[in-house]
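Spelled out, the chains give:
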Amino acid sequence: LPHFYANLIYTNLILFILIFFIVLLSNRYIESWTEYSLSWQILAMITVFFSPFTTLFTTRLQLEGKAKRFGQFQIFSSSIGAILTYLFVAIFLWSWKGRIYSLVFSSVIPGIIAMVYTFKFIGRKFPKLDVDIIKTSLLFGFPLLPHNLSFWLKSGFEKLLVTNTQGLAENGIMSFAQTLSFIF
């Protein structure tokens, strides 16, 4: 299993580097469409980088039947997001920028913790790249891409529509309201 985990990390790194260069090459188009500068796009990429580590870690906790640790980690992650959103938006008055910073930090902090546990699980001797595992992973995951992208496109389209018609501040308010709706 550590060998498989290591190759999932390799796959994540390869895809991240590929997508990072695509974003760098097309950042002006992305900025003209979304109004997010390259620095905001890079923050989004950092968030994307840490997400698979968190997913791998929480999935492993579930598979190992460690419900208490899973719950603690989820509560910790959610608490970071809520506290930082309140701090950055309500106290520091950073508006939509505060919400984005809180999303980045609430992804990076649990992601680093998950990364540390993942590397402990893999061990000191990092396994070699196994092209067969990477191929199998990509062949399994590729058909799921349209399904996963549909959720991102739906929420992304709504946010782009609100941003382009109402403004970034209203997008931040909508984002905060959506976050509150997940609680109830």
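These notes cover the structure that comes with them. Note that this is a predicted model, so its numbers are computed, not measured. (Residues numbered from 1 in each chain as written. Predicted model: local features only at pLDDT ≥ 70, side-chain atom pairs only at ≥ 80, totals over all residues. Heavy atoms only, no water.)

**Remarks on the environment of L13**
If you trace the backbone, L13 turns up in helix α1 (residues 2-34). Classification of L13 as partly exposed rests on a relative accessible area of 33%. Each C-alpha atom of the pair L13 and F49 lies 8.0 Å from the other, and the pair is 36 residues apart in sequence. (Helix = DSSP H or I, 4+ residues; strand = E, 2+ residues; numbered from the N terminus. Buried < 20%, exposed > 50% of the residue type's maximum accessible area, 1.4 Å probe, protein only.)

**A word on unusual backbone geometry**
Unusually for a residue other than glycine, L93 sits at a positive phi of about 60°. Mapped onto the fold, L93 is located in the loop between α3 (67-91) and α4 (95-122).

**Details of the packing of aromatic side chains**
Scanning the entire structure with this criterion turns up 15 aromatic pairs. Look at W40 and Y101: their rings are 5.3 Å apart centre to centre, the planes differ by 45°, and that puts the pair in the tilted class. With W40 in helix α2 (residues 38-63) and Y101 in helix α4, this pair connects stretches of sequence that are 61 residues apart. W40 gets classed as buried once you look at its relative accessible area, which sits at 13%. Members of the aromatic cluster, joined through ring pairs, are F16, F20, F21, F49, F50, F53 and F119. (Phe/Tyr/Trp six-rings, centres within 6.5 Å; stacked < 30°, edge-to-face > 60°.)

**Concerning the environment of Q178**
As for its position among the elements, Q178 is in helix α7 (residues 168-183). Judged by its relative accessible area of 25%, Q178 falls in the partly exposed class. In this view, Q178 contacts E158 and K159; residues no more than four positions away in its chain are not counted. (Contact = heavy atoms within 4.5 Å.)

**Considering the packing of α1 against α2**
One can describe the packing of α1 onto α2 by two numbers: an axis separation of 10 Å at closest approach and a directional angle of 160°. When the axis of α1 is compared with that of α2, the two are roughly antiparallel. For α1 against α2, the interelement crossing comes out right-handed. Considered class by class, the residues forming the contact of α1 with α2 number 17 nonpolar, three polar and two charged. (Axes fitted to C-alpha atoms, helices over the stretch in contact; angles between N-to-C directions. Parallel < 35°, antiparallel > 145°, perpendicular 65-115°, else oblique. Left-handed = near helix turned anticlockwise from the far one by under 90°. Nonpolar A, V, L, I, M, F, W, Y, C, P; charged D, E, K, R; others polar.)

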